[in-house]
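Listed here are the chains, written in short residue letters.
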Amino acid sequence: MSAVYRINNVPCAECGTCHTAENPITAHHVVPLNRGGTDAPENYMPLCRLCNSVRGSKVGTEGSRQ
């Protein structure tokens, strides 16, 4: 999923930035695997590396940068 987001220049769902070498777009699990989530495509959202690291294993708006 991360490669698909980068190829299609999908922005981060949290901060709106696009892929850069220093802060690439990653595939974030909306419901983390350790909290019962799956690897189904609908359980992913595009987040930059910085936003993804801030969110960690939080669900929904928990840990949002905004």
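Please read these numbers as outputs of a predicted model, since none were measured by experiment.

J.: How do you make sense of the state of the cysteines when you look at a structure like this?
T.: By definition, a disulfide is the covalent link that joins the sulfur atoms of two cysteine residues. Enumeration according to the criterion identifies zero disulfides in this entry. In this structure C15 is a free cysteine whose sulfur lies 3.7 Å from that of C51, the closest cysteine sulfur available. Judged by relative accessible area, C15 falls into the partly exposed class, the value being 35%. The thiol of C48 is not disulfide-bonded; the next cysteine sulfur, from C51, is found 3.5 Å away. Its relative accessible area of 0% is what places C48 among the buried residues.

J.: When you look at the pairing of strand β2 (residues 44-48) in this model, what are you seeing that I'm missing?
T.: Looking along a regular strand, one sees side chains alternate from face to face of the sheet. Of all five residues that make up β2, five are buried, and the element is covered over most of its length. As defined by bridge partners, strand β1 (residues 25-29) adjoins β2 across five bridges and the pair is classed as antiparallel. Paired with H28 across the strands is M45, a residue of β2.

J.: Just to check I follow, could you spell out the side chain of N52 for this structure?
T.: Residue placement: N52 occurs in helix α2 (residues 49-55). By relative accessible area, N52 is classed as buried at 19%. Not counting the four nearest positions on each side in its chain, N52 is found in contact with T26, A27, H28 and L47.

J.: Explanation requested: the nonpolar core in the structure shown.
T.: The nonpolar side chains of a soluble globular protein tend to be buried with one another. Counting residues in hydrophobic clusters, the biggest one holds nine residues: Y5, C12, I25, A27, Y44, M45, L47, C48 and C51. Among the elements of the structure, β1 and β2 are those that each provide at least two residues to this core. Examining the composition of this core, we find that four residues originate from one element, β2, more than from any other.

Procedures and definitions
- Residues numbered from 1 in each chain as written.
- Predicted model: local features only at pLDDT ≥ 70, side-chain atom pairs only at ≥ 80, totals over all residues.
- Heavy atoms only, no water.
- Disulfide = S-S within 2.5 Å.
- Buried < 20%, exposed > 50% of the residue type's maximum accessible area, 1.4 Å probe, protein only.
- Helix = DSSP H or I, 4+ residues; strand = E, 2+ residues; numbered from the N terminus.
- Pairing = 2+ DSSP bridges.
- Contact = heavy atoms within 4.5 Å.
- Core = buried A, V, L, I, M, F, W, Y, C linked by side-chain atoms within 4.5 Å.

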